[in-house]
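Each chain, letter by letter, is given below.
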Amino acid sequence: MPWTDLCGCYMKEARWFYGGYVPSLVEYLNHAWMSGATPMMVVHGYFLCISTSNLITKEGLEAVKNYHDIIKWPCMVSRLVNDLGTSKNELKREDILKSVQIYMHETGASKESTQQYIKVLVIEAWKKINTTRVRPDCPFWEEVRGYNNKHCESSSLHISIWRWTWTWT
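So, here is what we can say about the structure in this document. The residue numbering used here restarts from 1 in each chain and proceeds along that chain's sequence as written. The model is predicted, so local features are restricted to residues of pLDDT at least 70 and side-chain atom pairs to those at 80 or more, both for listing and for counting; the totals for chains, interfaces and linings are taken over all residues. Excluded from the side-chain calculations are hydrogens and water; all other atoms, namely the structure's heavy atoms, are used.

A few points about the overall build of the protein chain
Here is step 1 of the chain: When helices and strands are tallied, the protein chain shows eight helices and zero strands.
Here is step 2 of the chain: For each residue, the accessible area found with a 1.4 Å probe, counting protein chains only, is set against the maximum for its type, and the residue is called buried under 20%, exposed over 50%, and partly exposed in between. Burial statistics for the protein chain: of 169 residues in total, 46% are counted as buried.
Here is step 3 of the chain: Considering only contacts in the protein chain between residues 6 or more positions apart, those separated by 24 or more positions represent 72%. Put simply, DSSP H or I for four residues or longer makes a helix, DSSP E for two residues or longer makes a strand, and each gets a number counted from the N terminus. Any two residues having at least one pair of non-hydrogen atoms within 4.5 Å are treated as being in contact.

Quick look at the structure:
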């Protein structure tokens, strides 16, 4: 499942790039959280973490298949943080536009105010992670708290790595 979704994301980005299409920020974000490797790692991590300590449940499989919010929002944090840290270099190598360039294109905002706006989006995504983690419908809460925490903490690691980079961009 995640491999086909990831390849589909790459195809969409290739069509955007070669067609000269600039998506809106909302369109980009609805797509981009899946276009990194994080969703694939999360899905594979579910099977590795759960299968060694707990039973894989129908609810867990459904959550993985449908990208439950506990999967989506940490992936969004990773994507936004990555965009903040790498957009300058990706622009130099003529990669597809990232959230920073798309927001600047869409609003005419400066680089500095755009970076601040993207950081606000990161904070908002973190709020969604925190509320999702404790919702009764969070499929991984009762199964294995360790998996839920490890997955969410991976986003924190991304922020720690890229925070250092922000001082250089």
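Concerning the pattern of salt bridges
Here is step 1 of the chain: One side-chain nitrogen of Lys or Arg within 4 Å of one carboxyl oxygen of Asp or Glu is enough to make a salt bridge. With the rule as written, the count across this model stands at three salt bridges.
Here is step 2 of the chain: In this structure, Asp-69 and Arg-135 form a salt bridge, with 3.3 Å as the shortest nitrogen-oxygen distance. Of this pair, Asp-69 sits in helix 5 (residues 69–92) while Arg-135 sits in the loop between helix 7 (111–133) and helix 8 (145–166), placing them 66 residues apart in sequence.
Here is step 3 of the chain: Judged by relative accessible area, which is 28%, Arg-135 ranks as partly exposed.
Here is step 4 of the chain: The partner of Lys-127 in a salt bridge is Glu-124, and the shortest N-O contact between them spans 3.2 Å. Of the two residues, Lys-127 and Glu-124 both sit in helix 7, three residues apart, roughly one turn of that helix.
Here is step 5 of the chain: Taking the relative accessible area as the measure of exposure, Glu-124 reaches 35% and is therefore partly exposed.

Brief notes about helix 4 (residues 58–65)
Here is step 1 of the chain: For helix 4, the complete set of buried residues consists of Gly-60, Ala-63 and Val-64. Angularly, the buried residues of helix 4 cover 100° about the axis, an arc narrow enough to put them on a single face. Of the exposed residues in helix 4, the ones pointing more than 90 degrees away from its buried face are Lys-58 and Glu-59.
Here is step 2 of the chain: Following helix 4 by one or two positions, Tyr-67 has its phi on the positive side, about 50°. Directions drawn from the helix axis to the C-beta atoms are what define this arc.

As for the packing of helix 6 (residues 99–107) against helix 7
Here is step 1 of the chain: Axis definition: a line fitted to C-alpha atoms, over the contacting stretch in the case of helices. Angles run 0 to 180 degrees between N-to-C directions. At a closest axis distance of 9 Å, the pairing of helix 6 and helix 7 adopts a crossing angle of 120°. For the element pair helix 6 / helix 7, the angle class is oblique. Relative to helix 7, helix 6 is oriented so that their crossing is right-handed. Residue-level contacts link Ser-99, Val-100, Tyr-103 and Met-104 of helix 6 to Lys-111, Thr-114, Tyr-117 and Ile-118 of helix 7.
Here is step 2 of the chain: Only Asp, Glu, Lys and Arg are considered charged in this grouping, and only Ala, Val, Leu, Ile, Met, Phe, Trp, Tyr, Cys and Pro are considered nonpolar; every other residue, Gly among them, is considered polar. Of the residues that constitute the contact of helix 6 with helix 7, the class distribution is five nonpolar, two polar and one charged. With respect to orientation, any angle under 35 degrees is reported as roughly parallel, any angle over 145 as roughly antiparallel, any angle of 65 to 115 as roughly perpendicular, and every other angle as oblique. Note on convention: the crossing is left-handed when the near helix lies turned anticlockwise from the far helix by less than a right angle, right-handed when the turn is clockwise.

A closer look at the nonpolar core
Here is step 1 of the chain: For our purposes a nonpolar core is just a set of buried Ala, Val, Leu, Ile, Met, Phe, Trp, Tyr and Cys residues, chained together by side-chain atoms within 4.5 Å. In terms of nonpolar packing, the biggest core is built from 32 residues, with Leu-25, Tyr-28, Leu-29, Ile-71, Met-76, Val-77 and Leu-80 touching the most fellow members.
Here is step 2 of the chain: Elements supplying a minimum of two residues to this core: helix 1 (2–19), helix 2 (25–32), helix 3 (38–53), helix 5, helix 6 and helix 7.
Here is step 3 of the chain: Of all the elements, helix 5 adds the most residues to this core, at nine residues.

Some remarks on the state of the cysteines
Here is step 1 of the chain: Note on terminology: disulfide denotes any pair of cysteine sulfur atoms within 2.5 Å. This model, assessed by the stated rule, comprises zero disulfides.
Here is step 2 of the chain: With no disulfide partner, Cys-9 has as its closest neighbouring cysteine sulfur the one in Cys-7, 9.2 Å distant.

The values are spatial; any link to function lies outside them.
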